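Structure assessment
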Amino acid sequence: MAVQGETREKTRINIREPRHYRVVMHNDDFTPMDFVVEILIDIFHKGIPEAERLMLTVHESGRAAVGSYPYDIAATKVQMALGRAREGGYPFRMTLEEA
């Protein structure tokens, strides 16, 4: 039972999932395949079989999507991978595409 003069207010909350971005690896002729597998395992948390399969897809097709994440996570993973590549002197390349 409502008390006289009491006001009820309905609050509508609209929560949206953040946009996701695909992390895409690109092939080059200089970055070692073992390095690519290592990046997929260490940074993208792929198992060895999946990491090897993705590396071969990149090698054979020229590129492959290796994961889909909210923008901040995707950008951080790309920065980590590219930083490690620069330390090794590799021309490794990754990009983000809106999923």
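Above this text sits the structure in question.
Presented here is a report on the structure given in the accompanying data block. Because the structure is a prediction, the values reported are computed rather than measured.

Further remarks concern the pattern of salt bridges. One pass over the full model with this rule turns up seven salt bridges. Among the ionic pairs, Asp-42 bridges to Arg-84, the shortest N-O distance being 2.9 Å. Here Asp-42, found in helix H1 (residues 33–42), pairs with Arg-84, found in helix H3 (residues 71–88); they are 42 residues apart in sequence, far enough to count as distant. Given the relative accessible area of 40%, Asp-42 is considered partly exposed. Put simply, Arg-22, Arg-63 and Glu-97 are held in one network by salt bridges that share partners.

Below, the discussion takes up unusual backbone geometry. The phi torsion at His-45 lies on the positive side, around 55°, for a residue other than glycine. On the secondary structure map, His-45 appears in the loop between H1 and helix H2 (48–61).

The next point concerns the environment of Gly-83. Mapped onto the elements, Gly-83 comes out in helix H3. For Gly-83, a relative accessible area of 30% gives the class partly exposed. Along the sequence, Gly-83 and Thr-95 sit 12 residues apart, while their C-alpha atoms lie 14 Å from each other.

Conventions and cut-offs
Residues numbered from 1 in each chain as written. Predicted model: local features only at pLDDT ≥ 70, side-chain atom pairs only at ≥ 80, totals over all residues. Heavy atoms only, no water. Salt bridge = Lys/Arg side-chain N within 4 Å of Asp/Glu carboxyl O. Helix = DSSP H or I, 4+ residues; strand = E, 2+ residues; numbered from the N terminus. Buried < 20%, exposed > 50% of the residue type's maximum accessible area, 1.4 Å probe, protein only.

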